[in-house]
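Residue-level structure breakdown
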Amino acid sequence: ATLSTAVRSSGVTEDSPDASFAGQYDTYLGLRSAEDVLQHIRKCWASGYNARALDYRRRWGLTLSAHGIAVGVMQLVNARSGGVTFTLNPITGNRKEAMIEANWGFGQSVVSGMVTPDSFLVKRPDGDILEERIGRKEVWSVFDPEQGCVVEQPTPSAQAARPCLNHAEVRELVRLAVEIEVREGCPQDVEWAIDAHLPFPRNVFLLQHRPETSWAGRPAPDEVDQAEESSDPVGYTARTGFEVKVP
C-alpha cells in the first residue's frame, strides 16, 4: 500500500513565548504520491505570503517578507483520537495543573474550535485527574481515501458520547508534554495523536509543540500570590480567604 504522509510547515518565527503564528502557514494531510508531496511542500513555502500571514506580520509590526519556513514530511498517524495538551491550566494560568482537549479522529477539529471536545484537567506532577468533561463531539476529522484528504464528518452518535481517551493515555500525554516543558523552559502547547492500532504506550505520538502564549510574560499565579501575601498579609487574607473587597 502507498504510504500516507503529512506535509507540515514550521516557520522560524512561527512560535515564540511572545507571539504565535500558529495556523498562519499551511499543513497538508493524507498525501500519497511523490508528486503530491513535492507540490504541497511548495504550497507550504508559498503560504508564507498568504493573507493570514501577511496580515499577522503587519499587525505585529514585522517585515512583510516571508520568514524562513521548514517543511517536515512524515508518515500520517492513523489517528483514533487527537487533540492538544497545555502544560498549565489555560484558563487560570495555574502551572500545577495541565489540561487536555481531545476528540475522535485527527486533532484538526479540536484546534480549529469546531467541536466541544473532551476536556481533562490533570494535577501535576502526580497525574491525578481533577476534572473530566465529556464533550458532545458532533463532528470529527477523518481521512477520506476517495478524496485523498482529511475531511470533517458527523461523528457516529454512539461514539460521540463516549470519552475518546482512557485515563492511562491522559496521564501519558501529560507526562510527555511536561518533559518537553522542562527541556524548553516554559509552558507548552502540544499537539498529539493516538494511533488506532498500536498498543499503549506506543500508540501515543507527539506531532508538534510550541510555547503557550496566553500566559507568556506573566508571572505564575502562585508567584503573584506569594508576593502579595508578603507585602500585604492582611489585605491578601481578606481578598483570598474571605472574598472581602479591600480598597
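This structure is a prediction, so every number in the text was calculated from the model and none was measured. (Residues numbered from 1 in each chain as written. Predicted model: local features only at pLDDT ≥ 70, side-chain atom pairs only at ≥ 80, totals over all residues. Heavy atoms only, no water.)

A short note on helix α2 (residues 51–59)
One turn of the α-helix equals 3.6 residues, which is why residues spaced by three or four share an orientation. Regarding α2, the residues found buried are Ala53, Tyr56 and Arg57. Seen from one end, α2 has its buried residues packed into an arc of 95°, which puts them on one side. Along α2, exposed side chains directed more than 90 degrees from the buried face belong to Ala51, Arg58 and Arg59. Its side-chain oxygen 3.1 Å from the backbone nitrogen of Arg52, Asn50 forms the N-cap of α2. Once α2 ends, the next one or two residues include Gly61, with phi positive near 70°. (Buried < 20%, exposed > 50% of the residue type's maximum accessible area, 1.4 Å probe, protein only. Helix = DSSP H or I, 4+ residues; strand = E, 2+ residues; numbered from the N terminus. Arc of directions from axis to C-beta. Polar contact = N/O pair within 3.5 Å; in protein donor to acceptor, adjacent residues only side chain to side chain.)

A short note on the pairing of strand β4 (residues 79–86)
Regular strands place side chains that alternate from one sheet face to the opposite one. Of all eight residues making up β4, seven are buried, and the element is well covered by its neighbours. With seven bridges joining them, β4 and strand β10 (residues 188–195) adopt antiparallel strand pairing. Its bridge partner lying in β10, Val84 is registered against Glu191. Bridge analysis of β4 against strand β5 (residues 97–104) gives six bridges, and the strand direction is antiparallel. Counterpart to Val84 in the pairing with β5 is Glu101. (Pairing = 2+ DSSP bridges.)

Focus on the layout of surface pockets
The computed volume of the largest pocket comes to approximately 870 Å³. Taken together, 36 residues form the lining of the largest pocket, with Arg8, Thr27, Gln108, Val111 and Glu191 sitting closest to its centre. Among the elements of the structure, β1 (5–11), β2 (28–31), β3 (69–75), β4, α3 (108–111), β9 (149–154), β10 and β11 (204–211) are those that each provide at least two residues to the lining of the largest pocket. Among the elements that line the lining of the largest pocket, the one with the most residues is β10, at four residues. Looking at the lining of the largest pocket residue by residue, the classes come out as 19 nonpolar, 10 polar and seven charged. (1 Å grid on protein atoms, 1.4 Å probe; cavity = no way out; pocket = protein on both sides within 12 Å on 5 of 7 lines; lining within 4 Å. Points joined across faces, edges and corners; volume = space filled by probe spheres on them. Nonpolar A, V, L, I, M, F, W, Y, C, P; charged D, E, K, R; others polar.)

Looking at the sheet that holds strand β7 (residues 129–133)
Across a sheet, strands are paired by hydrogen bonds formed along the backbone, either parallel or antiparallel in direction. If you trace the six strands from one edge of the open sheet to the other, you get β7-β6-β5-β4-β10-β11, paired in antiparallel fashion. Both edges of this open sheet fall to β7 and β11, since each of them pairs with a single strand only. Pairwise comparison of adjacent strand axes, ignoring direction, gives a mean angle of 15° for this sheet. Both β10 and β11 contribute to a ladder of seven bridges, which runs antiparallel. Bridging across to β11, Ala193 finds its partner in Phe205. Of the strands in this sheet, β4, β5, β6 (118–123), β7, β10 and β11 touch helix α5 (residues 167–184), which is tilted by about 40° from β11. (Axes fitted to C-alpha atoms, helices over the stretch in contact; angles between N-to-C directions. Contact = heavy atoms within 4.5 Å.)

Section: the pattern of salt bridges
When the charged atoms of two side chains lie near each other, side chains of opposite charge can form a pair. What the rule picks out here adds up to 15 salt bridges. With a shortest N-O distance of 3.5 Å, Arg210 and Asp189 are connected by a salt bridge. A residue pair is termed long-range when its members are at least 10 positions apart, and Arg210 in strand β11 and Asp189 in strand β10 qualify at 21 residues. With relative accessibility at 9%, the residue Arg210 sits in the buried group. (Salt bridge = Lys/Arg side-chain N within 4 Å of Asp/Glu carboxyl O.)

Remarks on the environment of Ala193
Structurally, the position occupied by Ala193 is in strand β10. Considering only alpha carbons, one finds Ala193 and Phe205, 12 residues apart in sequence, at a separation of 5.3 Å. Contacts of Ala193, omitting those with residues within four sequence positions, involve Val77, Ala79, Ser81, Gly82, Asn203, Val204, Phe205 and Leu207.

Let's talk about the side chain of Arg8
Assignment of secondary structure puts Arg8 in strand β1. Arg8 gets classed as buried once you look at its relative accessible area, which sits at 13%. A distance of 3.4 Å separates a polar atom in the side chain of Arg8 from a polar atom in the side chain of Gln208. Not counting the four nearest positions on each side in its chain, Arg8 is found in contact with Thr27, Leu29, Ala70, Val71, Gly72, Met74, Glu191, Leu207 and Gln208.

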